[in-house]
Amino acid sequence: MYQVRKVMTLDEFTIQELRNFPQATGELSGLLRSIGLACKRINAEVNRAGLVDILGALGTENVQGEEVQKLDDFANKTLIDLLNHSIYCAGVGSEENDDIVVFDDELSNNSKYVLLMDPLDGSGNIDVNVSIGTIFSIFKRISPMGQPVTMEDFLQPGNRMVAAGYVIYGSSTMLVYATRRGVNGFTLDPSVGEFCLSHPNMQCPPHGRFYSANYGNFGKYSPGVQNYLKRCETKSAENGGPYTERYIGSMVADIHRNLIKGGIFMYPGTTDRPNGKLRLLYECNPLAFIVQLAGGMATNGVQPILDIQPSSLHQRMPLFIGSRDMMEELAECLQEHG
Ligand code: AHM
């Protein structure tokens, strides 16, 4: 007899979670629902990106004479619009906006959460059909309710984060979502347009085999980082070892692979960019929160990412993140070489 396998949707999952917390207001679940909806819209547009040659180049007009938006702009506007119209978010900090976006209306001013996001990470990879992602983190505001949120609500250290997640637009589209209760992955079923629980209770393997870094920058890395990469090379498949080097140049994709299979990703500081490239608040922090909750580690080479007190919205930070054993060996190398 044909049996339909029961899959749990993202909505069902969050409702079930709510049952464990009778005091919960449902605001966080509502916020997640809005993010999920926005990401489904972004996904539809990302999937059409290969058609721009036919429909019109990004930033130009398509055959109907309509302006074709750049995908990162589209992602940013879609998320901000949906969050603004939901009643669960008081404001947003985005890679695409110089300043915070404050939703200054009565409902929003009485919302307790703010959101930080990179609407489309790895956007340099859009043209070449490589996986890209949306990254977000959620904090409880610290300014008084009933008033517009302020910058101090966004400049909180990562260890105060309530939840974080990313959506990867890849061979399938997946939302990975973490709260202090754990990390769960939901794959989008395009036939019904629902994110369905596919990776419950994700755990980062403690011993990894993938190492991901931009080797083009090798000469500009510190001696400690160079030394660690050389150690990885000696353990590489070419030398009969278990390690293998993989770097896509889309952080969400690189970290997603390492989270599932075990590995380390790094974007260290370089001689010309001592703070690296990645942004603390909406790139390093959410991924650190997720990987740490899954049993891995994340540092800037000196201290845990989540302990850093941010100083500005678009601050950059070196990032080392991944499986525990690899991170510990990296820390040894960094210490040995000052
Ligand atoms: P973006 O915000 O311009 O998309 O840049 C972030 C991306 C990360 O996803 C990726 O890991 C990194 O930049 C790659 O940078 P590089 O090409 O310097 O190695």
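Along each chain, residue indices are assigned from 1 in the same order as the chain's sequence is written. Confidence filtering applies because this is a predicted model: local features only for residues at pLDDT of at least 70, side-chain atom pairs given and counted only at 80 or more, and all residues used for totals across whole chains, interfaces and linings. The basis for the side-chain values is all heavy atoms of the structure; hydrogens and waters are excluded.

Asks: Looking at this model, I keep getting lost on the site of the ligand. Mind explaining?
Replies: We call a residue near a molecule or strand as soon as one heavy atom of that residue lies within 4 Å of the molecule or strand. In the neighbourhood of the ligand, 14 residues make up the surrounding shell, with Asp-121, Gly-122, Tyr-247, Met-251 and Tyr-267 lying closest. About the coverage of the ligand: the protein hides 79% of its 470 Å² of free accessible area. Secondary-structure elements contributing two or more residues to the shell around the ligand are β3 (113-121) and β11 (263-267). Classification convention: Asp, Glu, Lys, Arg as charged; Ala, Val, Leu, Ile, Met, Phe, Trp, Tyr, Cys, Pro as nonpolar; all other residues, Gly among them, as polar. Per-class residue counts for the shell around the ligand are 4 nonpolar, 5 polar and 5 charged. The method behind every accessible area is Shrake-Rupley, applied with a 1.4 Å probe, and residues are considered shielded solely by the protein chains displayed. A run of H or I in DSSP counts as a helix once it spans at least four residues, and a run of E counts as a strand once it spans at least two, with each numbered from the N terminus.

Asks: Hey, could you run me through the sheet that holds β3 in this one?
Replies: Strands belonging to one sheet form pairs held by backbone hydrogen bonds; the direction of such a pair is parallel or antiparallel. In this description, strands pair whenever DSSP reports at least two bridges between them. What the 8 strands build is an open sheet, ordered β2-β1-β3-β4-β5-β6-β7-β8; its pairing is mixed. The two strands at the open ends of the sheet, each matched to only one other strand, are β2 (101-102) and β8 (194-199). Taken together, the 2 bridges between strand β1 (residues 91-94) and β2 define a ladder with antiparallel strand orientation. If you follow Val-92 over to β2, its bridge partner there is Val-101. Contacts were defined at the residue level, with two residues in contact if any of their heavy atoms lie within 4.5 Å. As a rule, the C-alpha atoms of each element are fitted with a line to give its axis, helices using only the stretch in contact, and angles between N-to-C directions run from 0 to 180 degrees. Along the sheet face, helix α2 (residues 27-47) touches β3, β4 (132-140), β5 (163-169), β6 (173-179), β7 (182-189) and β8 and points at about 165° away from the line of β4. Running at roughly 105° to β5, helix α8 (residues 251-261) makes contact with β3, β4, β5, β6 and β8 of the sheet.

Asks: Would you take a moment to explain the packing of aromatic side chains for this structure?
Replies: Aromatic ring pairs: the centre-centre distance and the angle between the two ring planes describe each pair. What counts as a ring pair is set by centres within 6.5 Å for rings of Phe, Tyr and Trp (its six-membered ring), and what kind of pair is set by the plane angle: stacked under 30 degrees, edge-to-face over 60, tilted for all other angles. A full pass over the atoms with the stated rule returns 4 aromatic pairs. An angle of 75° between the planes, with centres 5.1 Å apart, marks the rings of Phe-13 and Phe-186 as edge-to-face. Residue Phe-13 is found in helix α1 (residues 10-19), and its partner Phe-186 is found in strand β7; the two are separated by 173 residues along the sequence. Overall, Phe-13 belongs to the buried group, its relative accessible area being 11%. In this analysis the charged atom, NZ for Lys or CZ for Arg, is taken to sit over a ring once it is within 6 Å of the ring centre and within 35 degrees of the ring normal. The side chain of Arg-209 reaches across the aromatic face of Phe-210, ending 5.1 Å from its centre. Between the NZ or CZ atom of Arg-257 and the centre of the ring of Phe-210, over which it lies, the distance is 5.3 Å. Only protein chains enter the area calculation, which uses a 1.4 Å probe; residues under 20% of their type maximum are buried, those over 50% are exposed, and those in between are partly exposed.

Asks: Which parts of the structure should I look at to understand the nonpolar core?
Replies: Where a protein is soluble and globular, its nonpolar side chains tend to be buried together. With 45 residues, the main nonpolar core has Tyr-166, Ile-305 and Leu-319 as its most contacted residues. The set of elements that each furnish at least two residues to this core consists of β3, β4, β5, β6, α8, β11, α9 (280-293) and β13 (319-322). In terms of residue count, α9 provides more of this core than any other element does, 9 residues in total. Split by domain, this core shows at least three residues from each of two domains, domain 1 (10-199) and domain 2 (210-336). Here, the term nonpolar core denotes a set of buried Ala, Val, Leu, Ile, Met, Phe, Trp, Tyr and Cys residues that are joined through side-chain atoms within 4.5 Å. If you look at the next biggest cluster of nonpolar residues, it comprises 38 residues, including Cys-39, Ile-132, Val-167 and Leu-175. Note that domain bounds follow an automatic or database assignment of domains.

Asks: Quick question: what am I supposed to make of the domain arrangement of the chain here?
Replies: How big an interface is tends to be reported as the loss of accessible area on association of its parts. Splitting the chain by domain gives domain 1 (10-199) and domain 2 (210-336). The centre of domain 1, based on its C-alpha atoms, is set 24 Å off from the matching centre of domain 2. Contact with domain 1, which involves 42 residues of that partner, is made by 29 residues of domain 2. By definition, the buried area sums, over both parts, the 1.4 Å-probe accessible area that each loses when the two are put together. In total, about 2600 Å² of surface goes out of reach between domain 1 and domain 2, with carbon and sulfur atoms giving 69% of it. Looking only at domain 1, the three residues that lose the most surface to domain 2 are Ile-135, Leu-155 and Tyr-166, adding up to 23% of its buried area.

Asks: Explain the sheet that holds strand β10 (residues 244-245) here, please?
Replies: If you trace the 5 strands from one edge of the open sheet to the other, you get β10-β9-β11-β13-β12, paired in mixed fashion. Whereas interior strands pair on both sides, the edge strands pair on one side only; in this sheet they are β10 and β12 (297-299). Summarising the sheet, strand β9 (residues 210-212) and β10 pair through 2 bridges and their orientation is parallel. Paired with Phe-210 across the bridge in β10 is Thr-244. Sitting on the sheet, α9 is in contact with β12 and β13, with an inclination near 25° to β13.

Asks: Can you help me understand the state of the cysteines in this one?
Replies: Here, disulfide denotes a covalent bond that connects the sulfur atoms of two cysteines. The definition used for a disulfide is geometric: two cysteine sulfur atoms within 2.5 Å. Summed over the entire model, instances satisfying the criterion amount to 0 disulfides. Left without a disulfide partner, Cys-39 is nearest to the cysteine sulfur of Cys-89, which lies 13 Å away. With a relative accessible area of 0%, Cys-39 lands in the buried category. Summary of cysteine pairing: Cys-333 is not part of a disulfide, and the nearest cysteine sulfur, belonging to Cys-232, is at 8.0 Å. Taking relative accessible area as the criterion, Cys-333 reaches 0% and is therefore assigned buried.

Asks: Whenever I open this one, the pairing of β3 confuses me. Can you help?
Replies: Taken residue by residue, a regular strand's side chains alternate between the two faces of the sheet. The buried count for β3 comes to 9 of 9 residues, which makes it a mostly enclosed element. Judged from the 4 bridges that link them, β1 and β3 form a sheet pairing that is parallel. Bridged to Gly-91 within β3 is Val-114. Sheet topology note: the β3/β4 ladder contains 7 bridges and is antiparallel.

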